[in-house]
Amino acid sequence: MRVILLLVLFCTSRAFGQVAQYQKDFNKINEGLMLTLGSYAVSNFALSGAGYFLSEDESTKRFHEMNVMWNTVNLGLAVPGYIKARRNAGNYSIEAMLAQQRKTEQIFLINTGLDVGYMAAGYFMRTDAENRSDRAALFRGYGNSLMLQGGFLFAFDLVAFGIHRSHCNRDFE
């Protein structure tokens, strides 16, 4: 059914406008997602930056320290992702646009799996902190941060996948 739909769309001049509009919407979705990720990262910098300097407890200090490091990566992904979405004005064929759509969905699904790993690693670090007498605060703080950041990214990636899947289903299925 999808092949027939694609052939019909491809053979009409309206199809070119539909693909262009689909690509425009696709890019707007990615812009919004990257703004969300970037805003989350910046707010974490502010909160955890202040939290680090205001904390007296070593475990809490390490929690904020890891939040800042983790969100350096988030911001490092959000900024180029946003720029790419803003500049991506090429004229894709239907096949190329659907390939881009599938690739994007796969990335968010793979990331969701990785996020589960981050949360599990954080849980392991937090529970293993008691066995690390000299580094218990580091393990506890970093573990708590990994669970928080992994949890946020899990929700973010799952919602991003859902938004993209819904967009594709609405326009192509």
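Keep in mind it's a predicted model, so treat the numbers as computed, not measured. Here the residue numbers are simple positions, counted from 1 along each chain's written sequence. Per-residue local features are limited, in this predicted model, to residues with pLDDT of at least 70; the limit for side-chain atom pairs, both in listing and counting, is 80 or more; totals at the level of whole chains, interfaces and linings are taken over all residues. Excluded from the side-chain calculations are hydrogens and water; all other atoms, namely the structure's heavy atoms, are used.

Details of the nonpolar core
Cut-off, in case you're wondering: Residues belong to a common nonpolar core when they are buried Ala, Val, Leu, Ile, Met, Phe, Trp, Tyr or Cys residues joined through side-chain atoms within 4.5 Å. Burial classes follow relative accessibility: with a 1.4 Å probe on protein chains only, a residue under 20% of its type's maximum area counts as buried, one over 50% as exposed, and anything between as partly exposed. Runs of E in the DSSP output that reach at least two residues are strands. Runs of H or I that reach at least four are helices, and both are numbered from the N terminus. What makes two residues a contact is simply this: any of their non-hydrogen atoms within 4.5 Å.
Of all hydrophobic cores here, the largest spans 18 residues; its most connected members are Leu33, Leu37, Trp70, Phe108, Met125 and Phe156. Where this core is concerned, the elements lending two or more residues are α2 (13-54), α3 (58-87), α4 (94-128) and α5 (136-172). Considering every element that reaches this core, the biggest residue donor is α5, with eight residues. Residues within four places of Leu37 in sequence aside, it is in contact with Asn74, Leu77, Ala78, Phe152, Leu153 and Phe156. Val19, Tyr22, Phe26 and Met97 belong to the second-largest nonpolar core, a separate cluster that totals seven residues.

A closer look at the packing of aromatic side chains
Working definition: an aromatic ring pair is given by the centre-to-centre distance plus the angle between the planes. Note the cut-off: For Phe, Tyr and Trp, where Trp contributes only its six-membered ring, two rings pair if their centres lie within 6.5 Å, and the inter-plane angle classes them as stacked under 30 degrees, edge-to-face over 60, or tilted in between. Criterion for a charge above a ring: Lys NZ or Arg CZ within 6 Å of the ring centre, and within 35 degrees of the ring normal.
Per the counting criterion, the structure on display carries five aromatic pairs. An angle of 25° between the planes, with centres 5.9 Å apart, marks the rings of Phe152 and Phe156 as stacked. Here Phe152 pairs with Phe156, and both are found in helix α5, just four residues apart, close to one helical turn. Through successive ring pairs, a cluster of aromatic residues spans Tyr40, Phe108, Phe152 and Phe156. For Lys61, the ring lying beneath its charged end belongs to Tyr52, and the centroid distance is 4.4 Å.

Quick notes on the confidence of the model for the chain
If pLDDT is low for a region, its predicted coordinates should not be looked at in detail. Stated precisely, the cut-off is as follows: Scored between 0 and 100, pLDDT is the confidence that the predictor attaches to each residue.
Averaged over every residue, the pLDDT of the chain is 89; residues scoring 70 or more account for 87%. Model confidence for the chain, summarised as mean pLDDT per element, is weakest for helix α1 (residues 2-10) at 49 and strongest for α3 at 96. Within the model, pLDDT remains below 50 along residues 5-14, and this stretch shows eleven contacts once partners closer than five positions in the same chain are excluded.

Details of the environment of Ala20
Here Ala20 shows up in helix α2. Here Ala20 falls in the partly exposed class, since its relative accessible area comes to 39%. Separated by 72 residues in sequence, Ala20 and Tyr92 place their C-alpha atoms 7.5 Å apart.

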